[in-house]
Amino acid sequence: MMDWHLPAVSSSASAHHISRDLFVLTYGALVAQMCKDYDNDEEINKYLDAMGYNIGVRLIEDFLANSGIKKCRSYSETVDIIAKVAFKMYLGITPSTIGGNDGGNEFSLILDKNPLVDFVEELPTGRPSLSYCNILSGVLRGALEMVHLPADVNFVQDRLKGDDVTEIGITFLRKNDDKKSRRNK
Ligand code: MYR
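Residues numbered from 1 in each chain as written. Predicted model: local features only at pLDDT ≥ 70, side-chain atom pairs only at ≥ 80, totals over all residues. Heavy atoms only, no water.

1. Some words on the sheet that holds strand 3 (residues 151-157)
With antiparallel pairing, the 4 strands of this open sheet are ordered in space as 1-2-4-3. The open sheet has two edge strands with one neighbour each: strand 1 (96-99) and strand 3. Shown here is a sheet whose adjacent strand axes are inclined to one another by a mean of 25°, direction ignored. Each of strand 1, strand 2 (106-111) and strand 4 (166-172) touches helix 3 (residues 75-91); the most contacted strand, strand 2, lies at about 20° to it. Sitting on the sheet, helix 4 (residues 134-146) touches strand 2, strand 3 and strand 4, and the angle it makes with strand 3 is about 160°. (Pairing = 2+ DSSP bridges. Helix = DSSP H or I, 4+ residues; strand = E, 2+ residues; numbered from the N terminus. Axes fitted to C-alpha atoms, helices over the stretch in contact; angles between N-to-C directions. Contact = heavy atoms within 4.5 Å.)

2. Quick word on unusual backbone geometry
Positive phi, close to 60°, is recorded for His148, a residue that is not glycine. On the secondary structure map, His148 appears in the loop between helix 4 and strand 3. The class of His148 is partly exposed, set by a relative accessible area of 47%. (Buried < 20%, exposed > 50% of the residue type's maximum accessible area, 1.4 Å probe, protein only.)

3. Here we look at the packing of aromatic side chains
A complete count under the given rule lists 5 aromatic pairs for this structure. Centre to centre, the rings of Tyr27 and Tyr132 are 5.7 Å apart; their planes meet at 85°, and the pair counts as edge-to-face. You can see Tyr27 sitting in helix 1 (residues 11-37) and its partner Tyr132 sitting in the loop between strand 2 and helix 4, a full 105 residues away along the chain. Overall, the relative accessible area of 3% leaves Tyr27 in the buried class. For Tyr132, a relative accessible area of 5% translates into the label buried. Summarising the aromatic geometry, the rings of Phe63 and Tyr90 are spaced 6.5 Å apart at their centres and angled 45° between planes, so their arrangement reads as tilted. Linking Phe63 in helix 2 (residues 41-67) with Tyr90 in helix 3, this pair joins segments that are 27 residues apart in sequence. Three or more aromatic residues joined by ring pairs form one cluster here, namely Phe23, Tyr27 and Tyr132. (Phe/Tyr/Trp six-rings, centres within 6.5 Å; stacked < 30°, edge-to-face > 60°.)

4. Looking at the site of the ligand
Not every one of the 14 residues close to the ligand is listed here, only the nearest: Lys71, Cys72, Thr78, Ala143 and Leu149. Cys72 is positioned such that a nitrogen or oxygen atom in its backbone is 3.2 Å from an oxygen atom of the ligand. Here an oxygen atom of the ligand sits 3.4 Å away from a polar atom, N or O, in the side chain of Thr78. Here the ligand has 490 Å² of accessible area as a free molecule, and 98% of this is covered by the chains. Those elements giving two or more residues to the shell around the ligand turn out to be helix 2, helix 3 and helix 4. Considering every element that reaches the shell around the ligand, the biggest residue donor is helix 3, with 5 residues. (Near = heavy atom within 4 Å. Polar contact = N/O pair within 3.5 Å; in protein donor to acceptor, adjacent residues only side chain to side chain. Areas by Shrake-Rupley, 256 points an atom, 1.4 Å probe, with all protein chains shown as cover.)

None of this, on its own, says anything about what the molecule does.
See the structure below:
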């Protein structure tokens, strides 16, 4: 007989966990289907990025409402919020951050663990240039654009491609000074 007693975890935590798994599996199915439908890896990468962008422009509202985050004072602060609050909230991980030295506008998020590939051992065969997680860079690009922080976001390293870590590069397109003067207006 089946035992219907629920495990002793908070229902919201377990529901979050289940929906994250469901998202990760659904995403995997989508990428697998695209590999069947498209020959060109770059075409898939672009599609995943564009899809992520459309999610990001909507997700930012949810993020700002649920996190209570107000405007950040610097790019470093924004990147910190992305790593410590946004990634934690939506993916349950906290990437480490590098970059932004001397007021620069180039940063990286380093992911030791990437829940999006929890069920993925390796890239599909014959897909050496596939950027499997490209949805994530699109989400960040879309979300940042909505708070007037246009940025280039790209996967610089990818464990699925044999790199030691997964690294997402974020290059803010406005120089820091432009940002300050814009914010002080
Ligand atoms: C500001 O400087 O105005 C605050 C900016 C915070 C931007 C945070 C963007 C978060 C996007 C959510 C991405 C989730 C990816 C898993």
